[in-house]
Amino acid sequence: MSPPERRYGRWIGALGLVILALITLNTVLTTPNGATGLKAGVELPPFAVPLVTGSQQGAANVATHADDGTAGTRPACSVRGTQILNACQLYEGGPLVLAIFVYGSGCQQILDDFQKLMPAFPGVRFAAVSIKGDRLELRKLVHRQGLSFPVGIDEEGTLAALYKVASCPQVTFAYPGGVVQSKALLVRPPLAVLRARVSALVAGARARGWRSPS
């Protein structure tokens with residue numbers, strides 16, 4: 001049996017690691033306005049970020065018009081390509097379910113949930129963006145889980161403030177056209193709850209005139 005001081009030392013060391021992890025996650029996600037996600041009825045802020053599976057580099061473009069200072073020289077909606085995840089391009093095509101997460105915190109498990117739900121919701125766009133993170137590890141994650149929806153990376157964490165990220169993961173639901181449908185999910189829910197939220201999004205989109213592909 002270990003002496004008491006050695007046993008206590010192990011517990012103190014483990015507690016220190018937990019506290020450090022929580023501080024790190026809080027530092028990444030904390031925003032100055034005590035954010036809880038975008039409100040229902042507002043328009044999604046546009047953004048374009050590199051896909052983790054491509055070779056495109058660069059910070060997130062969040063410009064709303066040309067020559068928008070540090071936000072970008074071109075409007076984000078116009079920055080498109082095979083290696084870019086563009087929010088405008090996604091919601092132009094149908095309802096959008098967007099997860100913003102921090103890789104390595106465990107909340108990337110929401111990606112597996114998205115993959116499971118996708119076949120049941122044709123026409124709904126699923127996508128995710130990692131706030132910072134190791135791009136190589138993210139690419140491995142995409143291939144390992146066989147993800148068939150786009151995953152982007154925001155290497156500077158710009159979207160954390162823009163999307164009022166207050167948790168990990170944070171899931172936003174938007175109608176075609178980019179209007180937020182309902183309050184964001186601030187935790188990873190049971191799959192049945194997530195399914196119900198996507199079903200409600202689809203029902204609302206249909207009421208607004210959208211028709212899913214047969």
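This text goes with the structure placed above it.
Below: a short report on this structure. Keep in mind that this is a model prediction, so the values were computed, not measured.

Procedures and definitions
- Every residue gets a number counted from 1 within its own chain, in the order that chain's sequence is written.
- Restriction of local features to residues with pLDDT of at least 70 applies here, the model being predicted, together with a cutoff of 80 or more for giving and counting side-chain atom pairs; totals for whole chains, interfaces and linings are based on all residues.
- Side-chain descriptors were evaluated using all non-hydrogen atoms of the structure, hydrogens and water having been removed beforehand.
- Note on conventions: DSSP H or I runs of at least 4 residues are helices, E runs of at least 2 residues are strands, and numbering of each starts at the N terminus.
- A 1.4 Å probe rolled over the protein chains alone gives each residue an accessible area, and that area as a share of the maximum for its type sets the label: buried under 20%, exposed over 50%, partly exposed in between.
- A contact between two residues is defined here by any heavy atoms of the two lying within 4.5 Å.
- Here, a disulfide means two cysteine sulfur atoms that sit within 2.5 Å of each other.
- A pair of strands is treated as paired once DSSP finds two or more bridges between them.
- Lines fitted to C-alpha atoms define the axes here, with helix axes fitted over just the stretch in contact, and angles between the N-to-C directions of these axes take values from 0 to 180 degrees.
- For salt bridges, the criterion is a side-chain nitrogen of Lys or Arg within 4 Å of an Asp or Glu carboxyl oxygen.

## Observations concerning the overall build of the chain
Argument step 1. Looking only at helices and strands, the chain has 6 helices and 7 strands in total.
Argument step 2. Looking at the 214 residues of the chain, the share that counts as buried comes to 43%.
Argument step 3. Long-range contacts, defined as pairs at least 24 residues apart, comprise 68% of the intrachain contacts of the chain with a sequence gap of at least 6.

## Some details on the state of the cysteines
Argument step 1. Considering all chains together, one arrives at 2 disulfides under this definition.
Argument step 2. Through a disulfide, Cys77 is tied to Cys88; the S-S separation comes to 1.9 Å. Across the S-S bond of Cys77 and Cys88 the torsion is about -60°, and the bridge reads as left-handed. Of this pair, Cys77 sits in the loop between strand E1 (48–50) and strand E2 (84–86) while Cys88 sits in helix H2 (residues 87–93), placing them 11 residues apart in sequence.
Argument step 3. Cys77 gets classed as partly exposed once you look at its relative accessible area, which sits at 29%.
Argument step 4. If the cysteines joined by disulfides in the chain are listed in sequence order, their pairing comes out as 1-2, 3-4.

## Concerning the sheet that holds strand E6 (residues 170–174)
For sheets, the rule is that strands pair by backbone hydrogen bonds, running either parallel or antiparallel.
Argument step 1. Spatial ordering of the open sheet is given by E5-E4-E3-E6-E7, a layout of 5 strands whose pairing is mixed. With partners counted over all chains shown, the strands left at the sheet margins are strand E5 (151–154) and strand E7 (180–185), one partner each. The mean angle between the axes of side-by-side strands here comes to 20°, regardless of whether they run parallel or antiparallel.
Argument step 2. Here strand E3 (residues 96–101) runs beside strand E4 (residues 125–131); their pairing, made up of 6 bridges, is parallel. Bridge pairing in E4 places Phe101 opposite Ser130.
Argument step 3. Set on the sheet, helix H6 (residues 191–207) makes contact with E3, E4, E6 and E7; between it and E7 the angle comes to about 165°.

## Here's the deal with the pattern of salt bridges
Argument step 1. In the structure shown here, the tally under the stated rule is 5 salt bridges.
Argument step 2. Across the salt bridge formed by Lys116 and Asp112, the nearest N and O atoms sit 3.3 Å from each other. With Lys116 and Asp112 both in helix H3 (residues 110–117) and 4 residues apart, this pair spans about one turn of that helix.
Argument step 3. Across the salt bridge formed by Arg135 and Glu155, the nearest N and O atoms sit 3.8 Å from each other. Taken together, the positions of Arg135 in helix H4 (residues 135–144) and Glu155 in the loop between E5 and helix H5 (158–162) put the pair 20 residues apart, joining distant regions of the chain.
Argument step 4. The exposure class assigned to Arg135 is buried, which follows from its relative accessible area of 11%.

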